[in-house]
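# Observations on the model geometry
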Amino acid sequence: MMYEPTLESVRAHVVPDWFHDAKLGIFIHWGLYSVPGWAPTTGPLHEVVAKEGWQGWFARNPYAEWYMNSLRVPGSPTASYHAQHFGADFPYERFAETFNRDTSSWDPSQWADLFRRAGARYVVLTTKHHDGFLLWPSSRPNPFREGYHASRDLVGDLTGAVRDAGLRMGLYYSGGLDWTFNDRVIADIIDLFMGVPQQPEYVEYASAHWKELIDRYQPSVLWNDIGYPAAANLPELFSYYYNTVPEGVINDRFTQAPVGDGPPDPAAIMQAIAQGMLPAPPHFDFRTPEYAVFPDIKAEKWESCRGLGYSFGYNRNETVDDMLSPAELVRSFVDIVSKNGNLLINVGPMGDGTIPTEQAERLEALGAWLAVNGEAIYGSRPWTRAEGTTDSGVGVRFTRKGSDLYAILLDTPQQPQVTLTGLTIPAGTGVTLFGYGDIAAVQHDSGLTVTLPSPLADAPAHTIKIVGGAA
């Protein structure tokens, strides 16, 4: 169908099956901030905000991709680091010299191959972050900083490599913040919304960039961030996108704050951000909670976005102690999928495009687990409930595919027999343990008791398939 530039028309767009089926995407934060690659390891977003408030968060922001803003917060650890290592008068934009020199020999096929081995089905690249630096040679260059873009088409080169690897390509664009148009320092949560450029020149600039990205690269995902200028005609942009890429999807961060009235209601802001989300715009295909965990299945399609550690951009301060372990990554992923979510797990490459070993190892571990258990993940849908437990206290997450049910144990049981409490299946149902084969199962009033192979190799999670068990 053809979409008209109205909310009514674009709201008729249905989330395509590929996005429901994909489950795993790779987020890439890469830009000038990757050159210094530094931020304090303050801790998890929600915990820090709960203890110190938003001013505490922005003063010691662990998101290394916010380096330019953190640098301008008086007395911040980032400002001290910058003065010590580069000089207090060293301008942020000079990192472009190093970035462009070092990316000249970057090989995008190496990234694409790693993402494929990780089991990802799509990739989302930051084409412009809040610092305004472009990763493609736009026909609409930055009007305030000459040559403020990558010297090679990094967006196009990665798009080609990702599609050659059989994956879909999505694009991120910071429509809500651009510190070359509005240099307001973000020191508190209200600054986040007041920092959105509202001048007509930026409205035209950002929308022209989105259309250029759509025309050149036909992305499967439009991933905007922070918000969007209030005067922009989003139904027109969205209809343009859907008419160009009918199976594309749009995220939920095109929020438009009213001009002249300040930001949206602070209570609404805090309620949304408490769940890792911005207030929802009038139209979106999926929600994007950040570092969030939900207790139940969500009716709306959602995508959890998070770093392997506390940062999205490369942070040389982070060690394996600051990152998800491979087992934690697998279990978090399974939990998200069981509740109608996708996982958009981030990598933060160094300035020259090197993906740190610790990050690559976690992606490889996730891919190895999916190679055995992927049937329970790809193309699955939530069951009637997401969570369960065994008689020994091991957590269980459920997914389904058609009439088949998958019970994923979030640990390796230490006993040969395990009861999935409260689970009842039809008589004569076949039960299989992925990686081993058929296993014995007996129905009891308390649940389904299965006999596991001995020895059972240690793994982050084990999948039991129950044929017809979801009926």
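Look a little higher up for the structure.
Note that the structure is a prediction, hence the values are computed from the model and not measured. (Residues numbered from 1 in each chain as written. Predicted model: local features only at pLDDT ≥ 70, side-chain atom pairs only at ≥ 80, totals over all residues. Heavy atoms only, no water.)

### Structural notes on empty space enclosed by the protein
Note the cut-off: Two kinds of site are reported from a 1 Å grid over the protein atoms alone, namely cavities, where a 1.4 Å probe fits but cannot get out, and pockets, open sets with protein on both sides within 12 Å along at least five of seven lines, and residues are called lining when an atom falls within 4 Å of a point. Grid points are joined across faces, edges and corners, and a volume is the space filled by probe spheres set on the points. Gly is put with the polar residues, along with every residue not named as nonpolar or charged; the nonpolar set is Ala, Val, Leu, Ile, Met, Phe, Trp, Tyr, Cys and Pro, and the charged set is Asp, Glu, Lys and Arg.
Under the definition given, this model contains four cavities of 30 Å³ or more. Here the second largest cavity defines a volume of roughly 80 Å³. Lining the second largest cavity are 14 residues; nearest its centre among them are Ser311, Phe312, Glu318, Gly348 and Gln359. Class assignment of the residues belonging to the lining of the second largest cavity gives a composition of five nonpolar, eight polar and one charged.

### So, the side chain of His130
Test applied: Only DSSP runs of H or I reaching four residues or more are called helices, and only runs of E reaching two or more are called strands; each is numbered from the N terminus. For every residue, the accessible area (1.4 Å probe, protein chains only) is compared with the maximum for its type, and the residue is labelled buried under 20%, exposed over 50%, or partly exposed between those bounds. Side-chain atoms alone can form a polar contact between residues adjacent in sequence; in general such a contact is a pair of N or O atoms within 3.5 Å, and within protein one must be able to donate a hydrogen while the other accepts it.
Mapped onto the elements of the fold, His130 is located in the loop between β2 (122-128) and α8 (154-164). Relative accessible area serves as the criterion here: at 1%, His130 is assigned to the buried category. Looking at His130, its side chain comes within polar contact range of the side chain of Ser174, at 2.7 Å.

### Quick look at the pattern of salt bridges
Keep this limit in mind: The term salt bridge refers to a pairing of a side-chain nitrogen on Lys or Arg with a carboxyl oxygen on Asp or Glu at a separation within 4 Å.
Enumeration according to the criterion identifies 26 salt bridges in this entry. Ionic pairing is found between Glu247 and Arg168, a salt bridge with its closest N-O pair at 3.7 Å. Of the two residues, Glu247 is situated in the loop between α11 (234-244) and β5 (249-250) and Arg168 in strand β3 (residues 168-173); the sequence distance between them amounts to 79 residues. Here Lys465 makes a salt bridge to Asp404, at a shortest N to O gap of 4.0 Å. Pair noted here: Lys465 is in strand β16 (residues 462-466) and Asp404 is in strand β10 (residues 404-409), with a separation of 61 residues, a long-range link. Residue classification places Lys465 among the buried positions, given a relative accessible area of 17%.

### Concerning unusual backbone geometry
Going from Ser454 to Pro455, the amide bond is cis rather than trans, its omega being 0 degrees. Here Pro455 is to be found in the loop between β15 (447-451) and β16. The backbone of Lys23 sits at a positive phi, close to 70 degrees, despite the residue not being glycine. Note on placement: Lys23 falls in the loop between α2 (17-22) and β1 (24-28).

### Focus on the packing of helix α13 (residues 326-338) against helix α14 (residues 357-373)
We count it as follows: For helices, the fitted line uses only the C-alpha atoms of the stretch in contact; every axis is such a line through C-alpha atoms, and the angle between N-to-C directions lies from 0 to 180 degrees. By the definition adopted for this analysis, an angle is roughly parallel if under 35 degrees, roughly antiparallel if over 145, roughly perpendicular if from 65 to 115, and oblique otherwise. Handedness of a crossing follows from how the near helix is turned relative to the far one, being left-handed for an anticlockwise turn of less than a right angle and right-handed for a clockwise one. Throughout, a residue-residue contact means that at least one pair of heavy atoms, one from each residue, lies within 4.5 Å.
Running from N to C, α13 and α14 cross one another at 55 degrees; their axes reach a closest spacing of 9 Å. In terms of orientation, α13 lies oblique with respect to α14. Crossing of α13 over α14 shows right-handed handedness. Counting all contacts with α13, which are made through Pro326, Leu329, Val330, Phe333 and Val334, the residues of α14 involved are Arg362, Ala365, Leu366, Trp369 and Leu370. A breakdown of the residues in the contact of α13 with α14 according to their chemical character gives nine nonpolar, no polar and one charged.

### A short note on the packing of helix α7 (residues 108-117) against α8
Contact geometry for α7 and α8: axes closest at 8 Å, N-to-C directions at 40 degrees. Looking at the two axes, α7 sits oblique to α8. In the packing of α7 onto α8, the handedness of the crossing is right-handed. On α8, the residues that touch Pro108, Ser109, Trp111 and Ala112 of α7 are Asp157, Leu158, Ala161 and Val162. Taken together, the residues of the contact of α7 with α8 break down into six nonpolar, one polar and one charged.

### A short note on the sheet that holds strand β11 (residues 417-421)
Pairing between the strands of a sheet comes from backbone hydrogen bonds, and it takes one of two forms, parallel or antiparallel. In plain terms, the rule: For two strands to be treated as a pair, DSSP must find no fewer than two bridges joining them.
With antiparallel pairing, three strands are arranged side by side in an open sheet as β11-β15-β14. Of all the strands in the sheet, just β11 and β14 (441-444) have a single pairing partner and so form its edges. Strand-to-strand twist in this sheet, taken as the mean axis angle between neighbours without regard to direction, amounts to 20 degrees. As judged from the five bridges shared by β11 and β15, these two strands associate in the antiparallel manner. Bridging across to β15, Thr421 finds its partner in Gly447.

### Side note on the layout of surface pockets
Of the volumes computed, that of the largest pocket is approximately 370 Å³. Along its surface, the largest pocket is lined by 20 residues, and Pro44, Tyr291, Val293, Arg306 and Leu324 are the ones closest to its centre. Looking at the lining of the largest pocket, the elements that each hand over two or more residues are α3 (45-59), β6 (302-307) and α13. When residues in the lining of the largest pocket are grouped by element, the largest group, four residues, is from α13. For the lining of the largest pocket, the class distribution of residues is 10 nonpolar, five polar and five charged. As for the second largest pocket, its lining consists of 15 residues, and the residues nearest its centre are Val372, Asn373, Ala459, Ala461 and His462. Looking at the lining of the second largest pocket, the elements that each hand over two or more residues are α14 and β16. The dominant element in the lining of the second largest pocket, judged by the number of residues it contributes, is α14, at five residues. Taken together, the residues of the lining of the second largest pocket sort by class into 10 nonpolar, four polar and one charged.

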